[in-house]
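Reading the structure
Letter by letter, the chains look like this.
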Protein chains: 2
Amino acid sequence: MEDRQRTRRPGGRSARVNAAVHQAVTDLVGERGYGSFTVGDVADRAGVADSSIYRRWGNLETLLTDVALTRLNARSPMPDTGSLAGDLRTYAAAVAREITGPDGLAVLRLTMALTSSGQQGLQARDDFLGERRRQLQSMLDRAQERGENPPDALAVLDHIMAPMYIRVLFGADPLTPDYINSLVDRLL
Amino acid sequence: MEDRQRTRRPGGRSARVNAAVHQAVTDLVGERGYGSFTVGDVADRAGVADSSIYRRWGNLETLLTDVALTRLNARSPMPDTGSLAGDLRTYAAAVAREITGPDGLAVLRLTMALTSSGQQGLQARDDFLGERRRQLQSMLDRAQERGENPPDALAVLDHIMAPMYIRVLFGADPLTPDYINSLVDRLL
């Protein structure tokens, strides 16, 4: 965000609108949860016109995933440590930190809300998860290029991400560093 | 339910209240989703007094999990095929059928709603999942008694249930029989 403000000075207003809208969405999700506010509510809170939001994002679902993706990319960026095991351990630890923090189930809540929001919701869900999957795939491709033998992205979802998400959601045993590393070791 | 009606004739009324309340909860969940109705709404719909519900279930959260558990036990009972691989394959296939059906994400929706419902919600969630875990443990114990070498219940959650749930929630690849069996084989 700050980079964008610096690099496109004439876009200062655009960047301010973007920041105000993202903050409004974050606040409304925290206060009311998904499914309980509209584009009009976001516009009011951000102090911008509805039309500015529709022009830039098209619909509420796309806006919600843009906010979630921005947050995820800032907090759990894909690592590049130089080894597959190092990358997966670093990534898994970052995800564990994120999902055990306040509102750690944000991604699951958003995904569940989008699956109940018709065709636009499903499209936004697929775009959102597709983008994260492409990032993960790039990490695995780098391992391949180094001559390592990476699993495919779905196996990472199945055996590293899924167990951690479900354990947090179900209130099962805590995500200790030993447990997280054992998920990675087992997959490799 | 029918068994209870037969075995305790004087309890006919009790069984009818139970059935009406369960049906009212199922309807309200379908129409409004979790978090959007009260014990009073259930009582109105079922044609019973609020006090009957409070006396029998104590609170809304406990009632919600009673309904979910009754449904799960009817649709995905723990199998007893005589072998660990057979039991796990049968169980995994039943869960896959359930979660890819209409309202297949009911357990995840309920669990997520309960995690946001304060202490009574967390207690109801833990009781609910604890009961299913005990059933699963009994299945694994039978394998142990036959001299097989079963995984622990948490490993079944991590590597069979969690990938299936997350794939359905994320709209990832379908749960084919080959895929489901590969999860079981990989764990064993």
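Numbering of residues begins from 1 in every chain and follows the order in which that chain's sequence is written. A letter from A marks each chain and a number from 1 marks each ligand, given out in the order of writing. A pLDDT threshold of at least 70 governs which residues receive local features in this predicted model, and a stricter bar of 80 or more applies before side-chain atom pairs are shown or counted, although totals over entire chains, interfaces and linings include all residues. Side-chain numbers come from the whole structure's heavy atoms, not from hydrogens or water.

1. Brief notes about the overall build of chain A
Tallying secondary structure elements over chain A gives ten helices and zero strands in all. Comment: elements are numbered from the N terminus, with helices defined as DSSP H or I runs of at least four residues and strands as E runs of at least two. Seen in sequence order, chain A has helices and strands lined up from the N terminus as α-α-α-α-α-α-α-α-α-α. Across its three principal directions, the C-alpha atoms of chain A cover 50 × 40 × 30 Å. Relative accessibility under 20% of the residue-type maximum defines a buried residue, over 50% an exposed one, and the middle range a partly exposed one, all with a 1.4 Å probe and only protein chains included. Counting the 188 residues in chain A, one finds 48% classified as buried. The contact criterion used throughout is that any non-hydrogen atoms of two residues lie within 4.5 Å. Long-range pairs, those at least 24 residues apart, make up 57% of the contacts in chain A with a sequence separation of at least 6. In short, Shrake-Rupley with a 1.4 Å probe defines the accessible areas, and a residue's cover is counted only from the protein chains shown. Counting every atom, chain A has about 9,100 Å² of accessible surface; 48% of that belongs to carbon and sulfur. Positive and negative side-chain charges of chain A, numbering 23 and 24 respectively, have mean locations separated by a distance of 5 Å. Residues counted as positive are Lys and Arg, residues counted as negative are Asp and Glu, and His and the chain ends are not counted. Where a charge lies is defined by one atom per residue type, namely NZ (Lys), CZ (Arg), CG (Asp) and CD (Glu).

2. Regarding the domain arrangement of chain A
An automatic or database domain assignment provides the domain bounds reported here. Annotation of chain A at the domain level lists domain 1 (2-58) and domain 2 (68-187). Computed from C-alpha coordinates alone, the two centres of domain 1 of chain A and domain 2 of chain A are separated by 26 Å.

3. Comments concerning helix α6 (residues 84-99) of chain B
Taking 1.5 Å per residue as the helical rise, α6(B) with its 16 residues ought to reach 22 Å, and the 22 Å between its terminal C-alpha atoms agrees with that figure. Within α6(B) the residues assigned to the buried category are B:Leu84, B:Gly86, B:Asp87, B:Leu88, B:Tyr91, B:Ala92, B:Ala94, B:Val95, B:Ala96, B:Glu98 and B:Ile99. Under the convention used throughout, the expected extent of a helix is 1.5 Å for every residue step, that is, one less than its residue count.

4. Quick word on the relation of the copies chain A and chain B
Least-squares superposition aligns the copies on the C-alpha atoms of those residues with pLDDT at or above 70 in both. Of the transformation superimposing chain A on chain B, the axial component is 0.0 Å and the angular component is 180°, with the fit at an RMSD of 0.0 Å. Within this description, the copies of the chain are treated as partners about a two-fold rotation axis. Taking C-alpha positions as the reference, the residue of chain A nearest the rotation axis is A:Ala162, at 2.6 Å. An overlap of 100% is found between the interface residues of chain A and their copies at the interface of chain B, pointing to a shared contact surface.

5. Digging into the UniProt feature "DNA-binding region" (unreviewed entry) in chain A
UniProt positions are given in the numbering used here, feature names are shortened, and annotations may be inferred rather than shown by experiment. Following the UniProt record, the feature "DNA-binding region" (unreviewed entry) maps to residues 38-57 of chain A here. The straight-line gap between the two end C-alpha atoms of residues 38-57 of chain A is 13 Å; of that span, 80% is helix and 0% is strand.

6. Brief notes about the pattern of salt bridges
Residue and element names in this part refer to chain B. The term salt bridge refers to a side-chain nitrogen of Lys or Arg lying within 4 Å of a carboxyl oxygen of Asp or Glu. Inspection of the entire model under this criterion finds 20 salt bridges over all chains. Close ionic contact of Arg45 with Glu31 constitutes a salt bridge, the shortest N to O distance being 2.8 Å. A residue pair is termed long-range when its members are at least 10 positions apart, and Arg45 in helix α3 (residues 39-46) and Glu31 in helix α2 (residues 12-32) qualify at 14 residues. Between Arg134 and Glu131 there is a salt bridge; the shortest N-O distance is 3.3 Å. Here Arg134 and its partner Glu131 are both found in helix α8 (residues 118-145), three residues apart, which amounts to about one turn of the helix. What makes Arg134 exposed here is its relative accessible area of 51%.

7. Points about the UniProt feature "domain: HTH tetR-type" (unreviewed entry) in chain A
Under the local residue numbering, the UniProt record ascribes the feature "domain: HTH tetR-type" (unreviewed entry) to residues 15-75 of chain A. Helix makes up 82% of residues 15-75 of chain A and strand makes up 0%, while its end C-alpha atoms are separated by 20 Å.

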